[in-house]
Structures are given as C-alpha cells and as structure tokens.
Amino acid sequence: MNSSNAKGMTSEINVTPMIDVLLVLLIIFMVIVPATPRGEAVLTPKSQVNSHRAPSDTIVLEMLKGNGGEPTFRINQQDVSKKDLAAKLASIYANRAERVLFLKGDDQLSFTQVAEVIDIGHAAGVDHVGLMTPRVLAGQ
C-alpha cells in the first residue's frame, strides 16, 4: 500500500510473486524440453578403399518388393525366406563381436515392413542397423 497522499491509502498489485512464479515455470520448461532433438543413430557402410575389413565381413540384408506386395529377402546376394530370416541372422551373428547389419530396402515397400525386419534383426542379436539409402549408395 502506498500512502503518498494524505487523504487515504491507495492499493497496488504486488507483481513480484507473479514474476517469481513465471521465472520458475520458465526454468522448468527449459529443463524438460531438450535443446536438441535426438534421432536414430545412423551407420553407413565404408567404401572398400578406406575399409580395413574384408568385404565378406559386411552383412547386407536386401529387401525387394515381391509378388503380392510381400518383400523378398537376400542376405549378401543369397535368397532367404521370411520364416528363415531370424534363424539365418542369429547364426550369422552368433560368433561376431561387431553386430552391425546394413539394410537396403526397396522404395516400393512400406515403412512398417522395413521396421518389422529391423525388429527381427534386433531379436536375432544385431546391435546396430545401418540403412542404405540411394545417397549412401551413390557415395554422397
């Protein structure tokens, strides 16, 4: 309250507590919302010139659009059926220290079909999945 004139007192709103509450809320929202969004980590195959490992060490799972919209699978150019895919990947990665799978999907396939194969790979013991896109294949 302010007693500037002699006739009576005038009341004013004290905004200091309101500013304190707003600053606390601002700090809370700054902590909750991350500064940089984190996406999926991406692995790309190294070119044969710079690579120190043998070409047969890299496992590439290729998904091609088959008849009826169902994908067909090839692991390093060898045809594999969908029911044998998990067992084949598990046998490949059973004795490997580096469990990286490179996935090359046909652009005609839906995302759910590709995500299902990524889940099969993780269930088979794959730690990291690298997606081979047309830009990666072109060397960009």
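Residues numbered from 1 in each chain as written. Predicted model: local features only at pLDDT ≥ 70, side-chain atom pairs only at ≥ 80, totals over all residues. Heavy atoms only, no water.

Explain the packing of helix α2 (residues 82-92) against helix α3 (residues 111-123) here, please?
Relative orientation and spacing of two packed helices are given, respectively, by the angle between their axes and the distance between those axes. Running from N to C, α2 and α3 cross one another at 35 degrees; their axes reach a closest spacing of 8 Å. Across the interface between the two elements, Lys82, Leu85, Ala86 and Leu89 of α2 pack against Glu116, Val117, Ile120 and Gly121 of α3. The residue inventory of the contact of α2 with α3, partitioned by class, reads five nonpolar, one polar and two charged. (Axes fitted to C-alpha atoms, helices over the stretch in contact; angles between N-to-C directions. Helix = DSSP H or I, 4+ residues; strand = E, 2+ residues; numbered from the N terminus. Contact = heavy atoms within 4.5 Å. Nonpolar A, V, L, I, M, F, W, Y, C, P; charged D, E, K, R; others polar.)

Looking at this structure, how should I read the pattern of salt bridges?
Two side chains that carry opposite charge are able to pair once their charged atoms sit near each other. Inspection of every chain in the model, using the stated rule, returns three salt bridges. Among the salt bridges present, the one from Glu62 reaches Arg74, with a minimum N-O distance of 3.3 Å. Placement of Glu62 in strand β1 (residues 59-65) and of Arg74 in strand β2 (residues 71-75) is noted, with a sequence separation of 12 residues between them. What makes Arg74 partly exposed here is its relative accessible area of 22%. (Salt bridge = Lys/Arg side-chain N within 4 Å of Asp/Glu carboxyl O. Buried < 20%, exposed > 50% of the residue type's maximum accessible area, 1.4 Å probe, protein only.)

Can you help me understand the sheet that holds strand β4 (residues 100-105) in this one?
Strand pairs in the sheet, formed through backbone hydrogen bonds, run parallel or antiparallel to each other. Pairing within the open sheet is mixed, and its five strands lie in the order β3-β2-β1-β4-β5. One side of each edge strand has no neighbouring strand; the edge strands of this open sheet are β3 (78-80) and β5 (128-131). Ignoring which end each strand starts from, the neighbouring axes of this sheet average 30 degrees apart. Two strands pair when backbone bridges link them, and β2 and β3 are joined in this way by three bridges, in the antiparallel orientation. Bridge pairing in β3 places Phe73 opposite Val80. Seen against the sheet, α3 touches β1, β2, β4 and β5 and runs at an angle of roughly 150 degrees to β1. (Pairing = 2+ DSSP bridges.)

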